[in-house]
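Topology and contacts: notes
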Amino acid sequence: MRAAVAAYLGRYRGLTRQHSESDLRVFLHWCTDHDLDPLTAVRIDIERYVRWLQDVRCYQPSTVSRRLSIVTGFYRVCVIDGILPHSPADYVRRPTVPAESPTLGLRHLQFEALLTTARMSANPNDFALLALLGLLGLRIFEACGSNITDLGEEHGHRVLRVRGKGGKVVLVPLPPAVARAIERAVGERVDGPILRNMLGGRMDRHAASRRLRHLAAAAGVRMPRMHPHMLRHTFVTTMLDAGVSLRDVQIAARHADPRTTMRYDRARNNLDRHPNYILAAYMAPGT
């Protein structure tokens, strides 16, 4: 079993390896709790695991699908390496993932209010955090993992070297407002993280979430649950509102599949164009 897990995780590196290991650990713990040897599991056992994720843990379909894909990949490697004759996860049905994203980004005025509050904050990391997430569209691990030494210039542009999913490195140009936000957060420092927490250490996703909730409350932005990915979503939808083509937005967001970008677009338009508004306007004299 140890060899099988090591062989599977050996295919990945960096954060992808950490996330794959975390998802696989959930399945292995489930097997332990149910006195099941993962290498003797059959299809019905994997189906039971999926039902547990849905009914007991109450995960979203996208999360269930991702965790099932990890299990499927693990067993596929076991078959490739000759540990198992066939995969018990081959014919397990994946939950249907909605075409639109369940996460809604901020509206234009909400985003503007949040940026203004962050810019006026006494903590210079607040504006830099908002700029990296909302104006550059970085993922939270990319923003928190960015260092001062990743800043530079290329062909007359201020750029930030970003390490994304799968260890891919890209150069992201910095608009003047973002460059100023970063310079304010960095100050006189020449190395170390760009974003720091209240104790002076590297900001992590938990500290970032707390700062975002604090800023949202100060800006009067009412959201049921403010989290970092909401700003990446806002980055995409605001670009679409500004008239940027879907293809260019996909490139800016570094989505491998255009359907990922389209999910954000559908979620935005489903509310804006909902026929309830037309009906209410038509019946306005009586209401």
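Everything numeric in this text was worked out from a predicted model, so none of it was measured.

What counts, and at which threshold
Residues numbered from 1 in each chain as written. Predicted model: local features only at pLDDT ≥ 70, side-chain atom pairs only at ≥ 80, totals over all residues. Heavy atoms only, no water. Helix = DSSP H or I, 4+ residues; strand = E, 2+ residues; numbered from the N terminus. Buried < 20%, exposed > 50% of the residue type's maximum accessible area, 1.4 Å probe, protein only. Areas by Shrake-Rupley, 256 points an atom, 1.4 Å probe, with all protein chains shown as cover. Lys, Arg positive; Asp, Glu negative; His and termini not counted. Charge placed at Lys NZ, Arg CZ, Asp CG, Glu CD. Pairing = 2+ DSSP bridges. UniProt positions renumbered as here; feature names shortened; annotations may be inferred. Expected span 1.5 Å × (residues − 1). Contact = heavy atoms within 4.5 Å. Arc of directions from axis to C-beta. Axes fitted to C-alpha atoms, helices over the stretch in contact; angles between N-to-C directions. Parallel < 35°, antiparallel > 145°, perpendicular 65-115°, else oblique. Salt bridge = Lys/Arg side-chain N within 4 Å of Asp/Glu carboxyl O. Core = buried A, V, L, I, M, F, W, Y, C linked by side-chain atoms within 4.5 Å.

**Some details on the overall build of the protein**
Looking only at helices and strands, the protein has 13 helices and three strands in total. Referenced to the eigenvectors of the C-alpha coordinate spread, the extents of the protein come out at roughly 65 × 60 × 35 Å. The burial tally for the protein puts 41% of its 287 residues in the buried class. Accessible surface for the protein amounts to roughly 16400 Å². Of this, 54% is attributable to carbon and sulfur atoms. The positive charge centre, built from 41 side chains, and the negative charge centre, built from 26, are 2 Å apart in the protein.

**Remarks on the pairing of strand 1 (residues 151-154)**
Pairing of strand 1 with strand 2 (residues 157-163) involves four bridges; the strand directions are antiparallel. Among the inter-strand pairings, Leu 151 is bridged to a residue of strand 2, identified as Leu 160. Where strand 1 folds back on strand 2, the antiparallel hairpin that results is connected by two residues, among which His 155 adopts a positive phi of roughly 55°.

**A word on the pairing of strand 2**
Across five bridges, the pairing between strand 2 and strand 3 (residues 169-173) is antiparallel. Of the residues in strand 3, the one forming a bridge with Arg 163 is Val 169. The turn linking strand 2 back onto strand 3 is made up of five residues, and Gly 166 within it adopts a positive phi angle of 70°.

**Comments concerning the UniProt feature "domain: Core-binding (CB)" (unreviewed entry) in the protein**
Per the UniProt record, the feature "domain: Core-binding (CB)" (unreviewed entry) sits at residues 1-79. Taken end to end, residues 1-79 is 77% helix and 0% strand, and its first and last C-alpha atoms sit 13 Å apart.

**Considerations on helix 3 (residues 43-56)**
If you check helix 3, its first and last C-alpha atoms are 19 Å apart, about what 14 residues at 1.5 Å a residue would give, namely 20 Å. Of the residues making up helix 3, those classed as buried are Asp 45, Ile 46, Glu 47, Tyr 49, Val 50, Trp 52 and Leu 53. Close packing links the buried residues of helix 3 with helix 2 (14-33) and helix 4 (61-80). Downstream of helix 3 by a residue or two, Cys 58 has a phi angle that is positive, lying close to 60°.

**Examining helix 2**
Counted at 1.5 Å a residue, the expected span for helix 2 with its 20 residues is 28 Å, and the 29 Å between its end C-alpha atoms agrees. Residues of helix 2 that are buried: Ser 20, Asp 23, Leu 24, Val 26, Phe 27, Trp 30 and Cys 31. Each buried residue of helix 2 sits inside an arc of 140° when the element is viewed along its axis, so together they form one side. Turned more than 90 degrees off the buried face of helix 2, the exposed positions are Thr 32 and Asp 33. Looking at the buried residues of helix 2, the elements they touch are helix 1 (2-9), helix 3 and helix 4. Of the residues trailing helix 2, Asp 35 is marked for its positive phi of about 50°.

**Brief notes about the packing of helix 2 against helix 4**
Between helix 2 and helix 4, whose axes approach to 9 Å, the crossing angle comes to 85°. Accordingly, the angle class assigned to the pair helix 2 and helix 4 is roughly perpendicular. Note on element contacts: helix 4 touches helix 2 through Arg 66, Arg 67, Ile 70, Val 71, Phe 74 and Tyr 75, opposite Ser 20, Asp 23, Leu 24, Val 26 and Phe 27.

**Topic: the pattern of salt bridges**
In the structure shown here, the tally under the stated rule is 11 salt bridges. A salt bridge links Arg 67 to Asp 23; its shortest N-O distance comes to 3.0 Å. Here the residue Arg 67 occupies a position in helix 4, and Asp 23 occupies one in helix 2, the gap between them amounting to 44 residues. For Asp 23, a relative accessible area of 4% translates into the label buried. Counted as one network, the salt bridges with shared partners bring together Asp 23, Arg 66 and Arg 67.

**Quick notes on unusual backbone geometry**
With the exception of glycine, most residues fall at negative phi, and the peptide bonds are largely trans. In this structure, Cys 58 takes a positive phi of about 60° despite not being glycine. Among the secondary structure elements, Cys 58 is positioned in the loop between helix 3 and helix 4. The exposure class of Cys 58 is exposed, given its relative accessible area of 58%. If you check the backbone angles, Arg 254 has positive phi at about 55° while not being a glycine. With respect to the element layout, Arg 254 can be found in the loop between helix 11 (246-253) and helix 12 (258-272).

**Examining the environment of Leu 53**
Mapping Leu 53 onto the fold places it in helix 3. In contact with Leu 53, not counting residues within four places along its chain, are Cys 58, Tyr 59, Val 64 and Arg 67.

**Some remarks on the nonpolar core**
By size, the foremost hydrophobic cluster in this structure holds 40 residues, and its most contacted members are Leu 130 and Leu 231. Contributing elements (two or more residues each) for this core: helix 5 (108-120), helix 6 (124-135), helix 7 (140-145), strand 2, helix 8 (176-186), helix 9 (205-219) and helix 10 (228-241). It is helix 6 that provides the largest number of residues to this core, a total of seven residues. If sequence neighbours within four positions are ignored, Leu 130 has contacts with Phe 111, Leu 114, Leu 115, Ala 118, Leu 135, Leu 212, Leu 215 and Leu 231. Of all hydrophobic cores here, the second largest spans 27 residues; its members include Val 5, Ala 41, Tyr 49 and Val 71.

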